[in-house]
Amino acid sequence: QLRLVESGGGTVEVGGSLTLSCTASGRALATNWYRQTPGNERDFVAGITGNSGTNYPDSVKDRFSISKDDPTNTVYLQMDNLIPEDSAAYYCNAVTSTDGQYEDYWGQGTHVTVSS
């Protein structure tokens, strides 16, 4: 079992920045950030692998940056030039593997509101 704790959400004005944190209780193969607005599915926002490979959708790749600190099992999502469309609940997702079996874990979410 892996526990994930997110923090860093809040309200920011258009063009502002926020940094989200996700601290895991152990090591993950990969850690991702997703976001979700009411009535919609969770959308992938950023991902980072164990060897620090990163991946972003086009909608955020020039504005968001994911990084990690292995000693503390913490993954960060730096969000710059925020726009109202970035308002959502942001969820941390971690993938582990045990005996070839992959498992997904999710945090409780942290809310981001971008005000215009």
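Below is a short write-up of the structure. Just so it is clear, the model here is predicted, and its values are computed rather than measured.

**Digging into the state of the cysteines**
Logical step 1: For the coordinates displayed, the defined rule picks out one disulfide.
Logical step 2: Residue pairing for C22: its cysteine sulfur links by disulfide to C92, the two sulfurs lying 2.0 Å apart. Judged by the sign of its S-S torsion, about -75°, the bond between C22 and C92 is left-handed. Taken together, the residues C22 in strand 3 (residues 18-24) and C92 in strand 9 (residues 88-98) connect sequence positions 70 residues apart.
Logical step 3: On the basis of relative accessible area, C92 is assigned to the buried category, the value being 0%.

**Things to note about the sheet that holds strand 1 (residues 4-7)**
Logical step 1: With respect to topology, four strands assemble into an open sheet ordered 1-3-8-7, the strand pairing being antiparallel. The strands lining the two open edges of the sheet, one partner per strand, are strand 1 and strand 7 (64-69). Taking each pair of neighbouring strands and ignoring which way they run, the sheet shows an average axis angle of 15°.
Logical step 2: Sheet topology places strand 7 next to strand 8 (residues 74-79); six bridges connect them, and they run antiparallel. Within the sheet, the bridge partner assigned to K68 lies in strand 8 and is V75.

**With respect to empty space enclosed by the protein**
Logical step 1: Under the defined criterion, the tally for this structure stands at one cavity of 30 Å³ or more.
Logical step 2: Approximately 160 Å³ is the volume attributed to the largest cavity.
Logical step 3: Along the wall of the largest cavity there are 19 residues; nearest its centre are R27, A28, T31, K68 and V75.
Logical step 4: Within the residue set of the lining of the largest cavity, elements represented by two or more residues are strand 3, strand 4 (30-36), strand 5 (43-49), strand 7 and strand 8.
Logical step 5: Here the residues of the lining of the largest cavity sort into nine nonpolar, six polar and four charged.

Rules used in this analysis
Residues numbered from 1 in each chain as written. Predicted model: local features only at pLDDT ≥ 70, side-chain atom pairs only at ≥ 80, totals over all residues. Heavy atoms only, no water. Disulfide = S-S within 2.5 Å. Helix = DSSP H or I, 4+ residues; strand = E, 2+ residues; numbered from the N terminus. Buried < 20%, exposed > 50% of the residue type's maximum accessible area, 1.4 Å probe, protein only. Pairing = 2+ DSSP bridges. Axes fitted to C-alpha atoms, helices over the stretch in contact; angles between N-to-C directions. 1 Å grid on protein atoms, 1.4 Å probe; cavity = no way out; pocket = protein on both sides within 12 Å on 5 of 7 lines; lining within 4 Å. Points joined across faces, edges and corners; volume = space filled by probe spheres on them. Nonpolar A, V, L, I, M, F, W, Y, C, P; charged D, E, K, R; others polar.

None of this, on its own, says anything about what the molecule does.
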